[in-house]
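Each chain, letter by letter, is given below.
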Amino acid sequence: MATAPFHVYDTTLRDGAQQEGMNLSVADKLAIAPLLDELGVGFIEGGWPGAIPKDTEFFRRAAKELELKNAVLAAFGATRRAGSRAWDDPQVRALLDSEAPVVTLVAKSDVRHVERALRTTPDEGLAMVTDTVQFLVGEGRRVVVDAEHFFDGYRYDPAYTRSAVAAAFEAGAEVVALCDTNGGMLPDWVTDVVEELRTGLDLPHGRDALPGDPLLGMHAHNDSGCAVANTLAAVAAGCAHVQGTVNGYGERTGNVDLVSVVANLALKRGLPTLAGDGLADSTRIAHAVAEITNIAPYTRQPYVGASAFAHKAGLHASAIKIDPDLYQHIDPTAVGNDMRMLVSDMAGRASVELKGRELGFDLAGQGELLTRVTNRVKDAEAQGYTFDAADASFELILREELTGQRPAYFRVESWRAIVETTGGRGGVPDADQRDAEALAEATVKLHAGGERIVVTGEGNGPVNALDQALRHALRKVYPTIETFELVDFKVRIMDAEHGTDATTRVLVETTDGHHTWSTVGVGPNIIEAAWEALIDAHVYGLLHADVEPR
């Protein structure tokens, strides 16, 4: 007996690109598509050719430049216009011209939208679906119909909405995706509607479908926070086609996160969803897509987020030390992620031991050392430090307790930072003062490589100036400093009620082009806190570059 079909359909490049603040170029889409193919999805919806010029260009270039191994491209468009013929409609012709083997048609399935948005009759709305599907199938295209506003329409007028789905199947559509376009459904509502529709149309349950059987699909938005749950409910009720976006991109609150859906289906339901080993690479791929979209990954994203398998409480750490599965719902490596131990004021000795193991230190049996490190971490966090997101600073503390001192790459004699504004006049600010340029200058005096070094640096702010001065002071002795770059800088006021006299915490993220590390500093002002974080960043970077102190 042939294997029951199951479709994973990605719409990151089309529906996901509607997210506020996202603007994908043709080059971006051509870079993301191979990653989606590598993930193992079966369909990649590239956009709306004929309606959006850059989507037309994407399909033109994709035909020549993309070599997909697992996925086929789908072109998205609408059914013919009311009162026209499918073969004469320029938008429908553009779908053919895209050369995409799959065409996905958005079709109105809510009678209210037919009458009010399309301004036509219910019968003409059904004819628009039938005519367009028949024409495209006759031209050799596989057709998916997205039944827009399906769930809202079904709850208002189930007879008409059922007729729209039936018309699509009778005309030759391979799949009808049931769209929760407004994103307001709840899982039990989805279950009831899908089961009622499937039995009413006498369609096979997805698990029993054979190749060639018509399939129901699910297209969920996340406005109710239930997109993943609604999609899983739809599959349980008989859908065998799921649509979504990587990282849950999409307008408003986003589309369903496709990786969460396929991970749940594969790891919790045993349902094969992706081709090859894509699931095991999903963390890397999700982050790679985030880099191209220029939208920072959500650290608490299920399965692939940096915090998805991060453990902080000491009670958790004690159990994880015995058996990691006690506090993890899956093995993180199944999705290409990893377990992390966070060290904080909630940490116990087990947390420190596991974190040390993660950093490459075997601390088993060193009870006195573990107690010293744990107490030091708790004391530091009481002063405002945090090591959750500052592994590099924690490692330097651990090394100090292990060896009695931190690596002596340099000794700071003194430092200072000055901000000066040139131009403008005294008194009440006027246009001249608003246009005045503020310049920052920093002087660093330190000892390294057997000599005293004095350097002045300039920057667009005091922290940037200090960073430049420290970098210039050290690069003669330690040339590898040239590869270091500050890539992120976060400031947190710890006791805001003290106003400008509040304690400040600074987190600095640094990279050498291959690895990234984070350090923390705390002080009575932002410059002092930043300086401490910068010092830790340079010491850690030199240490992990295997540079010997000079």
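See the structure above.
The rules behind each value
- Positions within a chain are numbered from 1, following the residues in the order the chain's sequence is written.
- Since the coordinates come from a predicted model, pLDDT governs what is reported: local features require at least 70, and pairs of side-chain atoms require 80 or more to be given and counted, while whole-chain, interface and lining totals use all residues.
- Only heavy atoms go into the side-chain values, all of them from the structure, while hydrogens and water stay out.
- For the purposes of this entry, the term helix denotes a DSSP run of H or I that reaches at least four residues, the term strand denotes a run of E that reaches at least two, and both are numbered from the N terminus.
- In this analysis, two residues are considered to be in contact whenever any of their non-hydrogen atoms come within 4.5 Å of each other.
- To measure how exposed things are, a 1.4 Å probe is used in the Shrake-Rupley method; for residues, cover is taken only from the protein chains shown.
- Patch rule: a residue counts if its relative accessible area is over 30% and it has no salt bridge; like charges are joined within 9 Å, and nonpolar side chains (Val, Leu, Ile, Met, Phe, Trp, Tyr) within 5 Å.
- The rule for a salt bridge is simple: a side-chain nitrogen of Lys or Arg has to be within 4 Å of a carboxyl oxygen of Asp or Glu.
- Residues are called lining when one of their atoms sits within 4 Å of a cavity or pocket point, these points coming from a 1 Å grid over the protein atoms alone, where a cavity is a set in which a 1.4 Å probe fits but cannot get out and a pocket is an open set with protein on both sides within 12 Å along at least five of seven lines.
- Grid points are joined across faces, edges and corners, and a volume is the space filled by probe spheres set on the points.
- Ten residues, namely Ala, Val, Leu, Ile, Met, Phe, Trp, Tyr, Cys and Pro, are considered nonpolar, four, namely Asp, Glu, Lys and Arg, are considered charged, and the remaining ones, Gly among them, are considered polar.
- Note on terminology: a nonpolar core comprises buried Ala, Val, Leu, Ile, Met, Phe, Trp, Tyr and Cys residues joined through side-chain atoms within 4.5 Å.
- Any residue under 20% of the maximum accessible area for its type is buried, any over 50% is exposed, and the rest in between are partly exposed; the area is computed with a 1.4 Å probe on protein chains only.
- Here, any two strands with at least 2 DSSP bridges between them count as paired.
- Where helices are involved, their axes are fitted lines through C-alpha atoms of the stretch in contact, as for all axes, and angles between N-to-C directions lie from 0 to 180°.
- In this charge count, Lys and Arg are treated as positive and Asp and Glu as negative; neither His nor the chain ends contribute.
- Charged groups are reduced to one reference atom each: NZ for lysine, CZ for arginine, CG for aspartic acid, CD for glutamic acid.
- Helices are assigned an expected span. That span is 1.5 Å times one less than the residue count.
- In protein, a polar contact means a hydrogen-donor-capable atom and an acceptor-capable atom, both N or O and within 3.5 Å, with residues adjacent in sequence counting only if both atoms are side-chain atoms; elsewhere, any N or O pair within 3.5 Å suffices.

> Which residues make up the overall build of the protein, and what are the values?
Helix and strand counts for the protein come out as 18 helices and 16 strands. In the protein, once contacts between residues fewer than 6 apart in sequence are set aside, the share between residues at least 24 apart is 69%. Total accessible area computed for the protein in this model is approximately 24800 Å², and 48% of it derives from carbon and sulfur atoms.

> Describe a nonpolar patch on the surface, with residues and values.
Taken together, V491, I493 and I526 make up a surface patch of nonpolar side chains, about 220 Å² in accessible area. Here I493 is to be found in strand β14 (residues 485-493).

> Any chance you could break down empty space enclosed by the protein for me, citing the residues and the numbers?
As enumerated under the stated definition, the model contains two cavities of 30 Å³ or more in all. There is about 40 Å³ of room inside the largest cavity. Contributing elements (two or more residues each) for the lining of the largest cavity: β4 (102-108), β5 (142-148) and α7 (158-171). Its residues assigned to classes, the lining of the largest cavity shows eight nonpolar, one polar and one charged. Empty space within the second largest cavity amounts to approximately 30 Å³. Lining of the second largest cavity is provided by L203, P204, G206, A209, P214, L215, L216, G238 and A240. Here the residues of the lining of the second largest cavity sort into seven nonpolar, two polar and no charged.

> An account of the nonpolar core is requested, with residue identities and associated values reported.
Counting 92 residues, the largest nonpolar core has V41, F58, F150, F151 and L178 as the members making the most contacts within it. When residues in this core are grouped by element, the largest group, seven residues, is from helix α1 (residues 26-39). In this structure, Y409, A473, A529 and I535 belong to the second largest nonpolar core, which totals 37 residues.

> Describe the sheet that holds strand β12 (residues 437-448), listing the residues and the values that go with them.
A sheet is described by the order of its strands in space; here three strands give the open sequence β11-β12-β13, paired in antiparallel fashion. Whereas interior strands pair on both sides, the edge strands pair on one side only; in this sheet they are β11 (411-422) and β13 (451-459). Each adjacent strand pair in this sheet contributes to an overall mean axis angle of 15°, direction not counted. One ladder, built from eleven bridges, connects β11 with β12; its direction is antiparallel. In the sheet register, T421 faces β12, and the bridge partner there is A438.

> Requested: an account of a negative patch on the surface, with residues and values cited.
Together, D188, D192, E195 and E196 make up a negatively charged patch on the protein surface. With respect to the helices and strands, the residue D192 is situated in helix α8 (residues 187-200).

> Quick rundown of the sheet that holds strand β6 (residues 175-180)? Include the residues and the values.
Backbone hydrogen bonds hold the strands of a sheet together, and the pairing may be parallel or antiparallel. Within the closed barrel, the eight strands sit side by side as β1-β2-β3-β4-β5-β6-β7-β8. Their pairing is parallel. Shown here is a sheet whose adjacent strand axes are inclined to one another by a mean of 25°, direction ignored. Sheet analysis places β5 next to β6, joined by four bridges and oriented parallel. If you follow A147 over to β6, its bridge partner there is L178. Each of β3 (72-78) and β4 is contacted by helix α3 (residues 90-97), which is oriented at about 175° to β3, the strand it contacts most.

> Hey, could you go over the pattern of salt bridges for me, with residue numbers and the actual values?
For the structure shown, the criterion picks out 27 salt bridges. R284 is the partner of D281 in a salt bridge, and the nearest nitrogen-oxygen pair spans 3.7 Å. Under the relative-accessibility criterion, D281 is labelled partly exposed at 30%. The class of R284 is partly exposed, set by a relative accessible area of 40%. When the shortest N-O distance is used, the salt bridge between R406 and E400 registers 3.2 Å. Taking relative accessible area as the criterion, R406 reaches 26% and is therefore assigned partly exposed. What emerges from the salt-bridge pattern is a single network uniting E368, R372, R376, E400, E401, R406 and D536.

> An account of helix α14 (residues 367-382) is needed here, citing residue identities and associated values.
Across its 16 residues, α14 extends 23 Å between first and last C-alpha, which sits within 8% of the 22 Å expected from 1.5 Å per residue. Once α14 ends, the next one or two residues include G384, with phi positive near 120°.

> Explain the side chain of T511 to me, and be specific about the residues and the numbers.
Position of T511 among the secondary structure elements: in strand β15 (residues 504-511). You can call T511 buried: its relative accessible area is 13%. Among the polar contacts listed, one links the side chain of T511 to the backbone nitrogen of G513, at a separation of 3.0 Å. Every residue in contact with T511, bar those within four places of it in the chain, is listed here: T483, F484, E485, V487, T516 and W517.

> Residues and numbers for the pairing of β15, please.
Burial runs high along β15: seven of the eight residues are buried. In this sheet, β15 lies alongside β14 in antiparallel orientation, the contact comprising eight bridges. From the neighbouring strand, F489 faces β15, where its bridge partner is V508. In sequence, β15 turns back onto strand β16 (residues 516-523) through a hairpin of four residues, with G513 there showing a positive phi of about 95°.

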